[in-house]
Every structure is written in C-alpha cells, then in structure tokens.
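Below are the chains, spelled out letter by letter.
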Amino acid sequence: MKPTIAALAFLLPTAALAQPVCQPSAEMEAALIDWYAESPQGPMDGRTQLWASDAGTWTLVEYRGDGTACAIASGADGAAPASADVVAALDAPAAD
C-alpha cells in the first residue's frame, strides 16, 4: 500500500483533516473508488468535488492546477465537517 493511500485510509473516519492528504489526481480517485467504493456526487463546485459511497463514507476533494488532488475533509455515517476552515474552503475562489 502506498504511504499516501495508507494515510488516507487512516484519516477517513475523521470529519475535518488537520492537514490535507494530497497525491496525483488519478491516484486519489483510484483510492476513493477502490478502497471506499466512493464516486463523485453531482457536479464539481469550483475546484472541489464531493465523493460518497452507499456505505455512508464521504470525502471532499480539492483539485489543484498542478494535477494533484487533496482530501480536505472526510467522514462516515453522515458525519458533517466540524471545521469552519472546511466550509471556508468550499467558498474560496479557485486558485491554480
């Protein structure tokens, strides 16, 4: 298991991530699909995309202009983000 995927696996049960987990976009998407059976939910909102599974897990992913994607919040069983920083990130203008 790659270290970044292991870190993502460890952090997914928490709502707001203290430090985002970043890796190439394709690897992030593969991890969310393969490990958590998550899929994109609705259209992207600027540079962020919500991923969720039927099992109740979710991950908020920020896509960056350099080809990386960062898990900036995640949870399970409908747990909402607990951090105002996550809400602010949703409203932040896209920056490449």
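That block above? That's the structure.
Summary of the structure given here. (Residues numbered from 1 in each chain as written. Predicted model: local features only at pLDDT ≥ 70, side-chain atom pairs only at ≥ 80, totals over all residues. Heavy atoms only, no water.)

## A closer look at the overall build of the chain
For the chain, the count of helices and strands is 3 helices and 5 strands. In the chain, the succession of α and β elements from N to C terminus is α-β-α-β-β-β-β-α. A fraction of 43% describes how many contacts in the chain between residues 6 or more apart in sequence connect residues 24 or more apart. Element-wise, carbon and sulfur atoms account for 60% of the exposed surface of the chain, whose accessible area totals about 5300 Å². (Helix = DSSP H or I, 4+ residues; strand = E, 2+ residues; numbered from the N terminus. Contact = heavy atoms within 4.5 Å. Areas by Shrake-Rupley, 256 points an atom, 1.4 Å probe, with all protein chains shown as cover.)

## Structural notes on the pairing of strand 3 (residues 48–52)
Among the 5 residues of strand 3, 4 are classified as buried, and the element is accordingly described as predominantly covered. Judged from the 2 bridges that link them, strand 2 (residues 39–40) and strand 3 form a sheet pairing that is antiparallel. Within strand 3, the residue paired with S39 across the bridge is A52. Across 5 bridges, the pairing between strand 3 and strand 4 (residues 58–63) is antiparallel. What sits directly across from T48, in strand 4, is E62. Hairpin connection from strand 3 to strand 4: 5 residues lie between these consecutive antiparallel strands, with G56 at a positive phi of about 105°. (Buried < 20%, exposed > 50% of the residue type's maximum accessible area, 1.4 Å probe, protein only. Pairing = 2+ DSSP bridges.)

## Re the pairing of strand 4
A large share of strand 4 lies buried, amounting to 6 of its 6 residues. Burial of the side chains of strand 4 extends over both faces: W58, L60 and E62 are buried on one face and T59, V61 and Y63 on the other. Sheet topology note: the strand 4/strand 5 (residues 68–75) ladder contains 6 bridges and is antiparallel. Among the inter-strand pairings, E62 is bridged to a residue of strand 5, identified as C70. The hairpin formed by strand 4 and strand 5 contains 4 residues between the paired strands, and G67 there has a positive phi angle of roughly 90°.

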